[in-house]
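One letter stands for each residue in the lines below.
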Amino acid sequence: MATKMRQFTSRIVQPSSRRFHAVAPRFAPALSPSEHHEQPVPSTSKLAPSTATQGSNPAMSFPCVDANELRTAKLLESRQSKLPPADLPNFPSPPDSTDPEGPEPAYANVVSGYKVYHHPHPFPLDYGGRLPSFSLAYETWGTLNADKSNVVLVHTGLSASSHAHSTPENPAEGWWEKFIGPGLSIDTDKYFVICTNVLGGCYGSTGPSSLDPSDGQPYATRFPILSIFDMVRAQFELLTHLGVEKLYASVGSSMGGMQSIAAAYLEPERVGKVVSISGTARSSPASIAMRHAQRSVLMSDPNWKRGFYYDDLPPHTGMKLARQIATITYRSGPEWEQRFSRKRRDISATSSALPSAPVLCPDFLIETYLDHQGEQFCLKYDANSLIYISKAMDLFDMSKESLDDLAARRAERDAGAHVAEALCPIPPSAGDLAKAAKGGNNSKKPAFISSLPSSHAYMPDLRAGLKEHHHPTLIMGVQSDTLFPVEQQRELAECLKANGNPHVVYYELNQPWGHDTFLLDVANVGSAIKGFLE
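Values in this document were obtained by computation on a predicted structure and should not be read as measured data.

### Quick word on helix 9 (residues 365–377)
Over its 13 residues, helix 9 runs 19 Å from end to end, which matches the ideal 18 Å to within 8%, given 1.5 Å per residue. For helix 9, a buried count of eleven out of 13 residues is recorded, marking the element as mostly surrounded by other parts of the structure. Turning to helix 9, its buried residues number three or more, namely L365, T368, Y369, L370, D371, H372, Q373, G374, E375, Q376 and F377. Summarising the contacts, the buried residues of helix 9 are in contact with helix 3 (63–81), helix 7 (316–330), helix 8 (333–339) and helix 10 (383–395).

As structure tokens, this is what we get:
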């Protein structure tokens with residue numbers, strides 16, 4: 001193994017004649033866009049020198065490909081020497097959220113500092129699977145009052161941990177650091193705040209990377225399909241364990257906004273107020289498509305091995321690409337126009353009158369930004385957790401038809417019905433796709449498509465599914481959000497108001513940060529939360 005690794009490494013560090021396509025020093029953390037203006041260092045190429053110099057022009061060098069191959073080599077080396085993953089080079093700390101180049105969320109690889117609730121009993125799931133038992137990682141802030149009536153449950157987005165705020169056990173900045181604390185939006189002088197890593201996650205809660213008690217091996221893709229409702233039911237098991245009968249508020253953003261709505265549906269008597277920020281009551285085809293694209297590139301990575309990669313190399317290439325796709329949906333074009341415009345990084349010699357020539361690896365600053373986001377994430381999060389949790393987001397739908405379907409599935413499950421195998425269907429033929437596109441409608445009259453929420457055909461069914469939601473509810477949307485467009489928050493507010501709920505508060509923000517606004521806009525998002533809770 002050592003000999004093979006040395007040979008593999010030596011192939012990718014041959015000097016290239018194409019000096020102008022520079023890369024960061026090897027084994028250094030990925031560079032942020034602003035850092036790409038540093039002095040260039042020689043590039044590397046997998047091509048032999050004789051091949052690189054033949055032809056009408058010299059061969060391009062590809063340091064972005066070299067970096068990926070070098071990461072593979074380093075992972076092979078760490079696997080052989082049994083180094084823990086934290087010793088690998090691509091675990092940079094999250095960038096400072098006050099970076100003048102543009103704010104970024106503080107997501108970190110959380111491996112300690114949380115408490116764990118263990119549920120020792122079988123836990124049946126909505127789509128027929130079951131867990132023999134499960135664990136849920138959680139962290140708390142503030143003081144629980146005598147009657148345990150001041151609890152605020154904070155629900156997370158897809159890849160977040162329970163570390164929403166720093167603690168003595170883990171002083172690292174939390175992903176909602178500026179929103180939680182004494183006197184802040186969720187005031188820990190008043191509220192006892194709980195945040196969990198969701199079921200299916202990889203930061204202390206039971207997920208695909210956890211060991212199956214039946215054989216002591218990782219679940220991998222033997223892990224059952226999850227729903228958002230399954231995640232919320234697991235959280236209520238924790239609350240019951242803590243003796244909390246009713247939440248003062250259920251607060252969530254993004255996927256957490258789905259969970260806060262689901263909590264009020266599942267346990268209406270145990271939820272007081274509801275906050276849903278940049279969330280939705282029904283995953284749209286557009287957001288499903290983007291998450292499908294992420295799963296597709298991840299599952300196409302040869303290292304994924306149908307999910308059974310835990311004793312081998314992780315699918316880091318697929319994870320990097322998936323994160324790049326996700327980042328496009330998390331931010332917005334207007335922000336990037338202001339932040340990067342069409343600028344390219346210039347690594348030409350200082351004496352040169354012209355900027356460096358274009359290259360095929362990350363060149364425009366927006367490309368270097370996406371590359372950086374992928375690099376810092378690809379070894380932080382478990383690939384299977386991303387696949388399972390993103391699928392749970394796709395399945396979320398508060399429409400009555402969907403809720404009735406889940407109720408029927410639960411009834412069959414509880415009656416002891418046999419669980420059908422989760423088999424992917426045979427890919428449809430071109431003819432089948434054409435028929436589906438026509439929708440089975442032979443009418444030549446073109447379909448009318450409106451941008452008004454009330455015109456959508458699913459709105460009556462969605463309104464019916466939300467008819468029992470009478471909780472005081474704060475809904476917030478962001479005009480630049482492309483992942484959960486603001487129309488979806490308008491729809492939710494419209495449905496609740498149409499059902500006669502007089503306690504609906506709706507705010508719409510015009511910040512440029514897209515979906516990530518809920519992580520970054522302390523002044524507006526934070527103030528709205530504080531005012532609503534108090």
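### Description of the packing of aromatic side chains
What characterises a pair of aromatic rings is the spacing of the ring centres plus the angle enclosed by the ring planes. The full count for this structure, using the stated rule, is 14 aromatic pairs. Here the aromatic rings of Y309 and Y310 are separated by 4.4 Å at their centres, their planes lie at 35 degrees, and the arrangement is tilted. Site record: aromatic cluster; members linked through ring pairs are Y117, F123 and F134. Stacked on the ring of F532, the Lys or Arg K273 has its end atom at 5.3 Å from the ring centre. Against the face of F377 rests R323, its NZ or CZ located 4.0 Å from the ring centre.

### Re the pattern of salt bridges
Side-chain pairing between opposite charges can occur once the charged atoms of the two side chains come close. Evaluation of the coordinates by the stated rule reveals 21 salt bridges. For E534, the salt bridge identified is with K190, shortest N-O distance 3.4 Å. Placement of the pair is E534 in the segment after helix 16 (522–533) and K190 in the loop between strand 9 (186–187) and strand 10 (192–196), with a sequence separation of 344 residues. A residue is classified by how much of its surface remains accessible, and E534, at 43% relative accessible area, is partly exposed. Look at K190 and you get partly exposed, because its relative accessible area is 42%. The salt bridge partner of E375 is K320, with a shortest N-O separation of 2.8 Å. Within this pair, whereas E375 is found in helix 9, its partner K320 is found in helix 7, the two being separated by 55 residues in sequence. The exposure class assigned to E375 is buried, which follows from its relative accessible area of 7%.

### Focus: the sheet that holds strand 10
Taken together, the eight strands give an open sheet; going across it, the order is 3-6-10-7-11-12-13-14, and neighbouring strands pair in mixed fashion. Sheet topology places strand 3 (115–119) and strand 14 (504–509) at the edges, where each strand pairs with a single neighbour. Averaged over all neighbouring strand pairs, the angle between strand axes comes to 20 degrees, with direction disregarded. Sitting on the sheet, helix 4 (residues 228–241) is in contact with strand 3, strand 6 (134–141), strand 7 (151–155), strand 10, strand 11 (247–253) and strand 12 (271–277), with an inclination near 65 degrees to strand 6.

### Overview of the packing of helix 6 (residues 285–299) against helix 7
Put simply, helix 6 and helix 7 touch, their axes get as near as 7 Å, and they point 165 degrees apart. Regarding the angle of helix 6 to helix 7, the classification is roughly antiparallel. Like other packed secondary-structure pairs, helix 6 and helix 7 cross with a definite hand, here right-handed. Packed against helix 6, whose contacting residues are M290, A293, Q294, V297 and L298, the element helix 7 presents G318, M319, L321, A322, I325, A326 and T329 at the interface. Here the contact of helix 6 with helix 7 is built from residues that sort into nine nonpolar, three polar and no charged.

Cut-offs and rules
Residues numbered from 1 in each chain as written. Predicted model: local features only at pLDDT ≥ 70, side-chain atom pairs only at ≥ 80, totals over all residues. Heavy atoms only, no water. Helix = DSSP H or I, 4+ residues; strand = E, 2+ residues; numbered from the N terminus. Expected span 1.5 Å × (residues − 1). Buried < 20%, exposed > 50% of the residue type's maximum accessible area, 1.4 Å probe, protein only. Contact = heavy atoms within 4.5 Å. Phe/Tyr/Trp six-rings, centres within 6.5 Å; stacked < 30°, edge-to-face > 60°. Lys NZ or Arg CZ within 6 Å of the ring centre and 35° of its normal. Salt bridge = Lys/Arg side-chain N within 4 Å of Asp/Glu carboxyl O. Pairing = 2+ DSSP bridges. Axes fitted to C-alpha atoms, helices over the stretch in contact; angles between N-to-C directions. Parallel < 35°, antiparallel > 145°, perpendicular 65-115°, else oblique. Left-handed = near helix turned anticlockwise from the far one by under 90°. Nonpolar A, V, L, I, M, F, W, Y, C, P; charged D, E, K, R; others polar.

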